[in-house]
Structure formats: C-alpha cells, structure tokens
Amino acid sequence: MITHIAGIIAAIAFLLLVCFIGIFLMRITKTMGEVNRSLNNITDDVDALSHETEKIMANANELLKDVNGKVATIDPAFQAMGDLGQSVSDLNSATRELTAKIGKTNEKRSKFSSASKVGKAAFDVYRNRRSKNNSEES
C-alpha cells in the first residue's frame, strides 16, 4: 500500500510538473509571438527609414554638385582679388622704395646746397677782400 501511495504522489508530482512546463511553454510561445511582431514592425520601420535616407542622400549629392559648380564660378573672382592684393602690396613696396630714394636724394641735395652756400660765402669773402685790397692799392 505504501508503494501505491508513493506511486500516486509521484504521479501527481509528475502531473504538476507537466502542467507547469505546459504553462511555461505557452507563455514562452506568447512572448516569442510578440517578439516576432516587434521584429516585423522594426523591419518595416527600418525599410521606411532606408528609403528616406536614400532620398536625403540623393538631395545632398545634388546640393553638393550645385555648391561645387557655384564655387567653381566664384574661384576666378577670389583669384583676381588675391592678385589685386598682391599688386597693391607690390605697389606699396615700390612706393616705399621710391620714398626712401627721394629722401636720400634730398639729403644729398641738402648737403650739396649747404656746401655750395658755404663755398659761395667763402668766395664772396674772398672777392670782397680782393676788391678791398685792389682799392687800397690804387
């Protein structure tokens, strides 16, 4: 009789184990179904995003081509401005050199002018003495 009771207890335990496993498997099946639905939704969303991204990239490429064309059009103007800046710089350098040369020439003229004034004064003094000497002798 004890073996019958032990067998009944074992059968009930096995029945309970099978019931719990069945409930567990049903819940896992339900969860896996929800995961599959979520993955399908995500896949659809990713496809939609992929199409939108392709459109955006196409627009960006067109915009980049347009900007490159406009920059190519403007490049000669910037080159001309750079050349003009270089020309102005060269003109400033030439003006500075000319000013320096004129300043040196004026210094030489000033020295020559001073020397000629001293020479003229000395010559005038010499002439005055000579004419004085000549007038005293006569």
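Quick notes on the rules
Residues numbered from 1 in each chain as written. Predicted model: local features only at pLDDT ≥ 70, side-chain atom pairs only at ≥ 80, totals over all residues. Heavy atoms only, no water. Helix = DSSP H or I, 4+ residues; strand = E, 2+ residues; numbered from the N terminus. Buried < 20%, exposed > 50% of the residue type's maximum accessible area, 1.4 Å probe, protein only. Areas by Shrake-Rupley, 256 points an atom, 1.4 Å probe, with all protein chains shown as cover. UniProt positions renumbered as here; feature names shortened; annotations may be inferred. Salt bridge = Lys/Arg side-chain N within 4 Å of Asp/Glu carboxyl O.

J.: Could you give an account of the overall build of the protein chain, naming the residues involved and the relevant values?
T.: The helix and strand inventory of the protein chain stands at 1 helix and 0 strands. Within the protein chain, buried positions represent 0% of all 138 residues. In the form shown here, the protein chain has an accessible surface area of approximately 12600 Å², with 65% of it arising from carbon and sulfur atoms.

J.: Give a description of the UniProt feature "transmembrane region" (unreviewed entry) in the protein chain that names residues and reports values.
T.: The residues that UniProt annotates with the feature "transmembrane region" (unreviewed entry) are residues 6-28. Between the end C-alpha atoms of residues 6-28 there is a gap of 32 Å, over a span that is 100% helix and 0% strand.

J.: Tell me about the pattern of salt bridges, and name the residues and values.
T.: Within the structure shown, the criterion is met by 2 salt bridges. Here Lys 55 and Glu 52 are joined by a salt bridge, their closest N and O atoms 3.9 Å apart. Remark: Glu 52 and Lys 55 occur in helix α1 (residues 2-137); sequence separation between them is 3 residues, near one turn of the helix. You can call Lys 55 exposed: its relative accessible area is 52%. Across the salt bridge formed by Lys 70 and Asp 66, the nearest N and O atoms sit 3.3 Å from each other. Pair noted here: Lys 70 and Asp 66 are both in helix α1, with a separation of 4 residues, about one helical turn. Looking at Lys 70, the relative accessible area reads 49%, which means it is partly exposed.

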